[in-house]
Amino acid sequence: MGTMHWTRSVVSSLMIVVAGIALSSPAGQPMQAAVTMAASPAAAGPVGRSSLILEATYDADLKLSWRSRKIRVDSSATIRNTSGGAIDRMEFNTIAARLGAMRLQPVTVDGVSVAATVRGQTIIVPLGRNLPIGATTTVRIRYRATLRRDLAGSDWLFTRTNGVVDLYRWLPWVSRRTPFDRPNHGDPFVTPSSPSVTVRIGTSRRLVLATTGHRTSVSADGLTQTFRAANVRDFTVTAARDYLKRSRVVRDTVVRVGNRPGAGGAAMLDAAADAFDALEKRLGPYPHGAFKVVQSAGGYGMESPGLIWIPTGVAASTLRYLAAHETAHQWFYGIVGSDQAKEPFADEAAADFAARFITGLKRASRCSAGRLDRTIYEYSAACYYERVYIGGGNLLDKARQAMGWSVFWSALRGYISANRDDLVTTSTLLDALDAATPIDLGRTLFAPRFPRIY
Ligand SMILES: [Zn+2]
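Predicted model only: the values in this text are computed from it and were never measured. (Residues numbered from 1 in each chain as written. Predicted model: local features only at pLDDT ≥ 70, side-chain atom pairs only at ≥ 80, totals over all residues.)

Draft legend 1. How the structure looks around the overall build of the chain. Of regular secondary structure, the chain possesses 9 helices and 27 strands. Taken over C-alpha atoms, the radius of gyration comes to 21 Å for the chain, in line with the 22 Å a tight globule of 454 residues would show. Seen through its C-alpha atoms, the chain measures out along the principal axes to roughly 60 × 60 × 40 Å. Taken across its 454 residues, the chain has 53% of its residues classed as buried. (Helix = DSSP H or I, 4+ residues; strand = E, 2+ residues; numbered from the N terminus. Rg over C-alpha atoms; globule rule 2.2 N^0.38 Å. Buried ≥ 20, exposed ≤ 12 C-beta atoms within 10 Å, placed from the backbone.)

Printed below as a string of structure tokens:
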């Protein structure tokens, strides 16, 4: 997430096992959750286990009523168990459960209704059996929800305000139980990448839609549009009646801007295209054919795969920084995923470092240097941004200075290419830098700031 409010600028462990859910090891290999596996009976019986390391494809219908703000979702996730052990439940996240007064209809597993429960933003789906390694199952989730009418708190993620519909994480996505409430504006999300997502969007009136996917068809009346995406870890939808479109080819990617009249689309395109060019040169190839830069209802800048939000009302003075930060998330979050809630350093510090490097906006932190290995739930609102983004980015810049710039960027490119479409930990990033230089970065630079890791 970015940090520029629409009215003013504001400012590892090697194994993470939470409630029986294993995150990937730094090598990208699925890790057994030793505790939960040991606790499982060898014979038949529920294994009591879920995982993030699942291959899920999504096929969804989204109905959006502009006037009433109501949405209806009918989503089927076909999931292959690639986690290295049996699982007997799945956990999906959607913020409709927290912000949309979600009414969940019966959830089915391979056509059979199951007793799903909702905890915070998480829909917990019992599979009714142990799903062995390599087996496939289909979970269908249907719900109705209502968009917010303001930007307060986290409402900007799921709202129709200022003539724009913002739909973040409306599609229930494989995840794990992740608390939505936090003391700052950190992103309470972690999602594995999906090889294939198909979404049909039906709207009550003609709308210009900007989504993570590319449009493959539109009905004759213009009210149903179909989108597809590959290798994405979310599918964001933004809509307006009057988005103006403009685009520019940058290297081999089409950078597309969607903005409402009067919102400065030309400046948005310049800022995003320049950032995209500078970042792809340093970080390596961007995987999608198009990169969308879209005016959102407001609130904060926000990343999603293939698409970023620039909030309504962003100050001209912060546009270049904000566009660069959100664009950098295409690599640090989009291509290489991480647990944004538990380890915000991995994506936010890296994205902010890269953004300030290419725009020349490096500055000192306004909070004291502190630990960089905390979860979003442990930083105060006053210092979350200064510590993790600014302080964390400046630590990476120290590594760059110690290593030399060509070794540093080469190490970052190697980290991105080695972990493409995976979920990593902060350790993966720090180790990749450390391994690229004879300097002991771990001991000299990282250890004091990451006591949970070193
Ligand atoms: Zn960010």
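Draft legend 2. Layout of the sheet that holds strand β21 (residues 244-250). Spatial strand order, β21-β22-β23-β25-β24: 5 strands in an open sheet with mixed pairing. The two strands at the open ends of the sheet, each matched to only one other strand, are β21 and β24 (302-304). Ignoring strand direction, the axes of neighbouring strands in this sheet form an average angle of 20 degrees. As paired elements, strand β22 (residues 253-259) and strand β23 (residues 290-296) share 5 bridges and run parallel to each other. Paired with Arg256 across the bridge in β23 is Lys292. Against the sheet, helix α3 (residues 265-283) contacts β21, β22, β23 and β25 (307-311), and its axis sits at roughly 150 degrees relative to β22. Sheet strands touched by helix α4 (residues 316-328): β23, β24 and β25. Its angle to β25, the strand with the most contacts, is close to 155 degrees. (Pairing = 2+ DSSP bridges. Axes fitted to C-alpha atoms, helices over the stretch in contact; angles between N-to-C directions. Contact = placed C-beta atoms within 7 Å.)

Draft legend 3. View of the sheet that holds strand β20 (residues 237-240). Sheet architecture is open: 4 strands sit in the order β13-β14-β20-β17, paired in antiparallel fashion. The sheet is open, and its two edges are formed by β13 (158-161) and β17 (208-211), each paired on a single side. Strand-to-strand twist across the sheet, computed as the mean angle between neighbouring axes with direction ignored, equals 10 degrees. Sheet topology places β17 next to β20; 4 bridges connect them, and they run antiparallel.

Draft legend 4. Local environment of the environment of Asp155. When you line up the elements, Asp155 lands in the loop between β12 (136-146) and β13. Considering only alpha carbons, one finds Asp155 and Ile95, 60 residues apart in sequence, at a separation of 9.8 Å. Among residues more than four places away in sequence, those in contact with Asp155 are Leu99, Arg148 and Asp150.

Draft legend 5. The arrangement of the confidence of the model for the chain in detail. The pLDDT averaged across the chain works out to 92; a share of 91% of its residues lies at or above 70. Note on residues 4-42: pLDDT is under 50 here. Beyond four places in sequence and across chains, it has 92 contacts. (pLDDT = per-residue confidence, 0-100.)

Draft legend 6. Focus on unusual backbone geometry. Unlike most non-glycine residues, Ala101 shows phi in positive territory, near 50 degrees. By the C-beta count within 10 Å, which is 12 here, Ala101 ends up exposed. Of note, the phi angle at Asp421 is positive, near 65 degrees, even though the residue is not glycine. Tracing the chain through its elements places Asp421 in the loop between α7 (405-418) and β27 (423-424).

Draft legend 7. View of helix α8 (residues 426-435). Across the 10 residues of α8, 8 count as buried, placing the element largely inside the fold. Elements that come into contact with the buried residues of α8 comprise α5 (344-359), α6 (381-403), α7, β27 and α9 (441-446).

Draft legend 8. Layout of the pairing of strand β18 (residues 214-218). Bridge analysis of β18 against strand β19 (residues 224-229) gives 4 bridges, and the strand direction is antiparallel. Residue His214 lies in a different strand from β19, and its bridge partner there is Arg228. Taking the residues that link successive antiparallel strands as the turn, the β18-β19 hairpin has 5 residues, and the phi of Gly222 there is positive, at about 75 degrees.

Draft legend 9. Representation of the environment of Ala432. With respect to the helices, strands and loops of the structure, Ala432 is situated in helix α8. By C-beta crowding, Ala432 is classed as partly exposed, having 19 other C-beta atoms within 10 Å. When the C-alpha positions of Ala432 and Asp270 are compared, they lie 32 Å apart, and in sequence the two are 162 residues distant. Non-local contacts of Ala432, meaning those with residues more than four positions away in its chain, are made with Ala411, Gly414 and Tyr415.

Draft legend 10. A look at the packing of α6 against α7. One can describe the packing of α6 onto α7 by two numbers: an axis separation of 6 Å at closest approach and a directional angle of 125 degrees. By the angle between their axes, α6 is oblique relative to α7. Each of Ala399, Arg400 and Met403 in α6 lies in contact with α7, whose residues at this interface are Trp405, Val407 and Phe408. Among the residues making up the contact of α6 with α7, the classes are represented as 5 nonpolar, no polar and 1 charged. (Parallel < 35°, antiparallel > 145°, perpendicular 65-115°, else oblique. Nonpolar A, V, L, I, M, F, W, Y, C, P; charged D, E, K, R; others polar.)

Draft legend 11. Fine view of the pairing of β19. Alternating residues of β19 divide into Gln225, Phe227 and Ala229, all buried, and Thr224, Thr226 and Arg228, none buried. As paired elements, strand β16 (residues 197-203) and β19 share 6 bridges and run antiparallel to each other. Looking across to β19, one finds that Val197 is bridged to Ala229.

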